[in-house]
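Analysis of the macromolecular model
Listed below, chain by chain, are the residues.
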Amino acid sequence: MSLLPVAEAQARLLDSAAPIHRFESVSLDMTEGRVLARDLTARLTQPPFDASAMDGYALRFEDAATPGSELQVIGASAAGHAFEGTVGKGETVRIFTGAPVPAGADSVLLQEDAGRLEGDRIRTTYPLRKGQHIRPRGQDFLEDETVLPAGTVMDFSRLTVAAAMNHPALDVYRQPLVAILATGDELVAPGTEPGPSQIIASNTFGIAALARSAGAHVLDLGIVADDSDAITAAIGRAQVAKADVIVTLGGASVGDHDLVQATMIDAGMQLDFWRIAMRPGKPLMVGSLGDTHVLGLPGNPVSSLVCGLLFLEPLIRKLASLPPIKREGVVSTAVTFAANDQRQDYVRATLTRADDGGWLAEPFSKQDSSMMKVFSRADCLVVRPPHAPELEAGSPTQVIFLRPDLLG
């Protein structure tokens, strides 16, 4: 099988995926980042009454249209404690922000625009506009009004309005369940003393974090030995849990000790493709096991993480009905890049500001796919297409931002 171009591989994977439209009711305080499955309508009107927008005096406009008017203070209206009477001719009510405007009043005079007189009286000192400083009933939203349509991604502002609409829980699309399986006799868990031929399993933690940040719930299937029966049992656990995606880490190639692909096929996986024209990450496997997507990531940590960014993150976002995360951008190179071969390179680099305010990308001198420290210090991946010619320093180049906040 020839090497598949990255763009074609991404398109084939995403074309095979459809958003999960099963939904669940979730407590409002747990819905940040979730997607509304139904239109959200207001259960009440906000504000529920004409409310004062400022501290001052509620009065009739005709009694205070010009400065120098004198009025009698007949009571007070505070938030949660409305004035029950009616404002008549020559009368006013001391009012505070958020309080109901009493019957008879149609305007609010700022407290600093009134002078206090003896006998609970005031004199206006500034011109008044009719309706001034009053928030009319329903100014924000009306009962039964659709405020947030289905498909809305809940964030801090939308959670606030959902709460104000009196919703304690929301119907949101179910998060995709991603089951992660790390394979290899050489792997041991962090905190374990590795043997002479063993290393610490690290990929699971980065891929799990990436999956969660993309909108998934994660099931860690643990570390499984290079044994077909053990791999089959782990696959079974993922199927029982009804995983939407099974991610395998390592063992997806076809070497003597790479058993994942063959075991998956024996379990019923339909292999779509493997071996991508990219570096790092060539031995990527994509298939399906019934309705479950299967993504076999390389065992080398950096290869696994790069493939996770390019394939797993967009897959999860589509399943979760979430918009793609924008990571692509164009920056200038700080050094000359050599001509490329037939594979698309993803070169780890740091970013610094140029004199013109733009970004300059400088690659690390070592790019081995096992070097996690370098990846952790990288700001971006410089994308070098297949057969790209030499790129001189200062030239524009496409990059993938590892931290999307750098796009700003």
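Scroll up to find the structure.
Just so we're clear, the structure is a prediction, and the values are computed from it rather than from any experiment. (Residues numbered from 1 in each chain as written. Predicted model: local features only at pLDDT ≥ 70, side-chain atom pairs only at ≥ 80, totals over all residues. Heavy atoms only, no water.)

In space, the six strands of this open sheet follow the order S7-S4-S6-S5-S9-S8, with mixed pairing throughout. Every other strand in the sheet has two partners, leaving strand S7 (107-110) and strand S8 (114-117) as the edge strands with one partner each. The average undirected angle you get between the axes of adjacent strands in this sheet is 40°. Note that S8 and strand S9 (residues 121-124) share four bridges and pair antiparallel. Note on S9: the bridge partner recorded for Gly 115 is Arg 123. (Pairing = 2+ DSSP bridges. Helix = DSSP H or I, 4+ residues; strand = E, 2+ residues; numbered from the N terminus. Axes fitted to C-alpha atoms, helices over the stretch in contact; angles between N-to-C directions.)

Attention now moves to helix H3 (residues 203-214). Given a rise of 1.5 Å per residue, twelve residues ought to cover 16 Å, and the 17 Å separating the end C-alpha atoms of H3 matches this to within 8%. If you check which residues of H3 are buried, you get Asn 203, Thr 204, Ile 207, Ala 208, Leu 210, Ala 211 and Ala 214. In a view along the axis of H3, the buried residues occupy a sector of 160°, so they form one face of it. Looking at the packing, one finds that the buried side of H3 touches strand S13 (177-183), strand S16 (217-224), strand S17 (245-249), strand S21 (292-297) and helix H6 (301-319). (Expected span 1.5 Å × (residues − 1). Buried < 20%, exposed > 50% of the residue type's maximum accessible area, 1.4 Å probe, protein only. Arc of directions from axis to C-beta. Contact = heavy atoms within 4.5 Å.)

A few words on the packing of aromatic side chains. Under the criterion given, the structure shown has zero aromatic pairs. Sitting over the face of the ring of Tyr 57, Arg 94 holds its NZ or CZ atom 5.2 Å from the ring centroid. A cation over an aromatic ring shows up here: Arg 275 above the ring of Trp 274, its NZ or CZ 5.7 Å from the ring centre. (Phe/Tyr/Trp six-rings, centres within 6.5 Å; stacked < 30°, edge-to-face > 60°. Lys NZ or Arg CZ within 6 Å of the ring centre and 35° of its normal.)

What follows is about the pattern of salt bridges. Enumeration according to the criterion identifies 15 salt bridges in this entry. With its nearest N and O atoms 2.7 Å apart, the salt bridge here joins Arg 279 to Asp 345. A residue pair is termed long-range when its members are at least 10 positions apart, and Arg 279 in strand S19 (residues 278-279) and Asp 345 in strand S23 (residues 344-353) qualify at 66 residues. (Salt bridge = Lys/Arg side-chain N within 4 Å of Asp/Glu carboxyl O.)

In contact at an axis separation of 10 Å, helix H1 (residues 6-15) and H6 are set at 30° when each is read in the N-to-C sense. Between H1 and H6, the angle falls in the class roughly parallel. You can see that H1 and H6 cross each other, and the crossing is right-handed. The residues of H6 that touch H1, namely those facing Val 6, Ala 9, Gln 10, Leu 13, Leu 14 and Asp 15, are Leu 310, Phe 311, Pro 314, Leu 315 and Lys 318. The class makeup of the residues in the contact of H1 with H6 is eight nonpolar, one polar and two charged. (Parallel < 35°, antiparallel > 145°, perpendicular 65-115°, else oblique. Left-handed = near helix turned anticlockwise from the far one by under 90°. Nonpolar A, V, L, I, M, F, W, Y, C, P; charged D, E, K, R; others polar.)

Working note: non-glycine residues mostly have negative phi, and peptide bonds are mostly trans. The linkage connecting Gln 46 with the following residue, Pro 47, adopts the cis geometry, with an omega of -10°. Structurally, Pro 47 is set in the loop between strand S2 (40-41) and strand S3 (51-52). Omega for the peptide link from Arg 279 to Pro 280 comes to 0°, which places this bond in the cis form. Mapped onto the elements of the fold, Pro 280 is located in the loop between S19 and strand S20 (285-289). In the Ramachandran plot, Asp 144 falls in the positive-phi region, its phi being about 75° despite a non-glycine side chain.

A word on the nonpolar core. By size, the foremost hydrophobic cluster in this structure holds 45 residues, and its most contacted members are Val 247, Met 278, Leu 295, Phe 311 and Tyr 346. Looking at this core, the elements with two or more residues in it are H1, S13, H3, S17, S21, H6 and strand S25 (380-384). The biggest single contributor to this core is H6, with ten residues. Taken domain by domain, the makeup of this core includes at least three residues from each of domain 1 (6-20 + 175-320) and domain 4 (328-406). Filtering out sequence-adjacent residues up to four positions away, Leu 295 remains in contact with Leu 13, Ile 246, Val 247, Thr 248, Leu 284, Met 285, Val 286, Phe 311 and Leu 312. Counting 18 residues, the second largest nonpolar core, distinct from the first, contains Leu 181, Ala 234, Ala 238 and Ile 246. (Core = buried A, V, L, I, M, F, W, Y, C linked by side-chain atoms within 4.5 Å. Domains from an automatic or database assignment.)

This next bit is on the packing of H3 against H6. Geometry of a packed helix pair, given as the angle between the helix axes and the separation of the axes. With their axes 9 Å apart at the nearest point, H3 and H6 run at an angle of 20° to one another. Taken together, the axis directions place H3 and H6 in an arrangement best described as roughly parallel. In this structure, H3 crosses over H6, and the sense of that crossing is right-handed. Together, Asn 203, Gly 206, Ile 207, Leu 210, Ala 211, Ser 213 and Ala 214 of H3 and Pro 301, Ser 304, Leu 305, Gly 308, Leu 309, Leu 312, Glu 313, Ile 316 and Arg 317 of H6 make up the contact between the two elements. By residue class, the composition of the contact of H3 with H6 is nine nonpolar, five polar and two charged.

Okay, the sheet that holds S21 next. Pairing is mixed across the open sheet formed by six strands, whose spatial order is S16-S13-S17-S21-S20-S18. Looking at which strands have only one partner, the edges of the open sheet turn out to be S16 and strand S18 (270-274). With strand direction ignored, the average angle separating the axes of adjacent strands in the sheet is 20°. The strands touched by helix H4 (residues 228-240) are S13, S16, S17 and S20; relative to S16, the strand with the most contacts, the crossing angle is about 165°. Strands in contact with H6 are S13, S17 and S21; relative to S21, the strand with the most contacts, it is inclined by about 165°.

A few words on a negative patch on the surface. On the surface, a cluster of negative charge is contributed by Asp 185, Glu 186, Asp 227 and Asp 229. Among the secondary structure elements, Asp 227 is positioned in the loop between S16 and H4. Accessibility expressed as a relative area gives 35% for Asp 227, which makes it partly exposed. (Patch = residues over 30% accessible without salt bridge, like charges linked within 9 Å, V, L, I, M, F, W, Y side chains within 5 Å. Areas by Shrake-Rupley, 256 points an atom, 1.4 Å probe, with all protein chains shown as cover. Lys, Arg positive; Asp, Glu negative; His and termini not counted. Charge placed at Lys NZ, Arg CZ, Asp CG, Glu CD.)

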